[in-house]
Amino acid sequence: LRQALTNGEFELYYQPILYLQTGKVSGFEALIRWNHPERGMISPADFIPLAEEIGFIVPLGEWVLEQACIAAVEWKRRHPESPMVMAVNLSARQFEQPGLTELVATALRESGMPPQRLCLEITESILMSRAEGALDTLRQLRSLGVSLAIDDFGTGYSSLAYLKRFPIDILKIDRGFVEGLPDSSFDRVIVEAVIGLAHSLGIEVVAEGVEHEAQARMLCDCGVTRAQGWLYAAAMEQAELLQFMASHG
């Protein structure tokens, strides 16, 4: 892993996030891939847990943040009219780092990226397992002007009392609940409850893992603003993404 970072074997792929009503691109989620010289493309599911375990996720996450900000600035230069936002995931180890806020501030400053164009995604389980400390960290990050999202919402053990206190802008509904829509009455009830909760707190809802038109229609009818998934596009490398952006406004 350490040698791979030195040798430039890691790549960022980007999955578009679109407005459900218009189909226009609102932003992207940066996703890391490992292009191994012998084994080919390695899924993050195969190396991220190990990187977390050995602490390598911290320098790797820093690299992802820096590269994502640089790419977003370049895309904005090519498409100045677009309101696109770049979403970057923070791992548990990153979130615990005392210098996280300064790290994000440095990435923004050195890339020239406006903070309102960056969305930091933190999983629900990370927030709830570190609830008191998480609140301070979220406030510090929010003070930079970036937006904050809870990723995979509904898969952890949320405390609604803490959710009210967290300075969160976006809830991302986990694909595990989306995949059963619109046929599963259980998934529909869960999704509608999450949407109602979020809207009552002034939080936007984004759906992950949207693969069918029927899912998209139901989510749109329920008040979900934006979505990502294979219905629109899989994660793609930068050259493909520029073509996608040109065709989707």
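Structural data are supplied above this passage.
So, here's what we can say about the structure. Note that the structure is predicted; figures quoted are calculated from it, not measured. (Residues numbered from 1 in each chain as written. Predicted model: local features only at pLDDT ≥ 70, side-chain atom pairs only at ≥ 80, totals over all residues. Heavy atoms only, no water.)

Burial analysis of strand 6 (residues 147-153) places six of its seven residues in the buried class, the great majority of the element. Here strand 5 (residues 118-123) pairs with strand 6 via five bridges, running parallel. Counted as the bridge partner of L120 is L148 from strand 6. As defined by bridge partners, strand 6 adjoins strand 7 (residues 170-173) across three bridges and the pair is classed as parallel. Residue A149 lies in a different strand from strand 7, and its bridge partner there is I170. (Buried < 20%, exposed > 50% of the residue type's maximum accessible area, 1.4 Å probe, protein only. Helix = DSSP H or I, 4+ residues; strand = E, 2+ residues; numbered from the N terminus. Pairing = 2+ DSSP bridges.)

Counted under the stated rule, the structure contains six aromatic pairs. With a centroid separation of 5.7 Å and 45° between ring planes, the pair formed by F10 and F47 is classed as tilted. Of this pair, F10 sits in strand 1 (residues 10-19) while F47 sits in helix 2 (residues 44-54), and the two are 37 residues apart along the sequence. Residue F47 is classed as buried on the basis of its relative accessible area, which comes to 2%. For the pair Y14 and W75, a centre-to-centre distance of 4.6 Å together with 80° between the ring planes defines the contact as edge-to-face. With Y14 in strand 1 and W75 in helix 3 (residues 57-78), this pair connects stretches of sequence that are 61 residues apart. Like Y14, the residue W75 is buried in the burial classification. Within the aromatic cluster, the residues linked to one another by ring pairs are F10, W34, F47 and W63. (Phe/Tyr/Trp six-rings, centres within 6.5 Å; stacked < 30°, edge-to-face > 60°.)

Take helix 5 (residues 100-111) next. Between the first and last C-alpha of helix 5 there are 17 Å, a value that for twelve residues agrees with the 16 Å anticipated at 1.5 Å per step. Taken as a whole, helix 5 has its buried residues at L100, T101, V104, A105, A107, L108 and S111. Angularly, the buried residues of helix 5 cover 160° about the axis, an arc narrow enough to put them on a single face. Looking at helix 5, the residues exposed on the side facing more than 90 degrees away from the buried face are R109 and E110. One or two steps after helix 5, the chain reaches G112, where phi turns positive at roughly 80°. (Expected span 1.5 Å × (residues − 1). Arc of directions from axis to C-beta.)

Bringing helix 12 (residues 238-247) into the picture now. For helix 12, the complete set of buried residues consists of L241, L242, F244 and M245. Around the axis of helix 12, the buried residues are gathered within 165° of arc, so they sit on the same side. Within helix 12, the exposed residues directed more than 90 degrees away from the buried face are A239, Q243, A246 and S247. Contact partners of the buried residues in helix 12: strand 1, strand 2 (25-36) and helix 3. (Contact = heavy atoms within 4.5 Å.)

The next point concerns the nonpolar core. It is characteristic of soluble globular proteins that their nonpolar side chains tend to be buried jointly. Ranked by size, the top nonpolar core spans 78 residues in total, and within it F10, W75, M86, F95 and L120 carry the most contacts. With ten residues, helix 3 is the largest single contributor of residues to this core. Beyond its immediate chain neighbours, meaning those up to four positions away, F10 contacts L1, A4, L5, I32, R33, W34, F47, F56, L60 and W63. Judged by nonpolar contacts, the second largest core, of six residues, contains I17, A87, I170 and V206. (Core = buried A, V, L, I, M, F, W, Y, C linked by side-chain atoms within 4.5 Å.)

Bringing the packing of helix 3 against helix 5 into the picture now. Each pair of packed helices can be described by the angle between their axes along with the distance between the axes. Running from amino to carboxyl end, helix 3 crosses helix 5 at an angle of 30°, the nearest separation of the two axes being 9 Å. Classified by the interaxial angle, the pair formed by helix 3 and helix 5 is roughly parallel. Remark: the crossing between helix 3 and helix 5 carries right-handed chirality. Within the contact between the two elements, helix 3 uses E62, L65, C69, I70 and V73 and helix 5 uses L103, V104, A107, L108 and S111. When its residues are assigned to classes, the contact of helix 3 with helix 5 shows eight nonpolar, one polar and one charged. (Axes fitted to C-alpha atoms, helices over the stretch in contact; angles between N-to-C directions. Parallel < 35°, antiparallel > 145°, perpendicular 65-115°, else oblique. Left-handed = near helix turned anticlockwise from the far one by under 90°. Nonpolar A, V, L, I, M, F, W, Y, C, P; charged D, E, K, R; others polar.)

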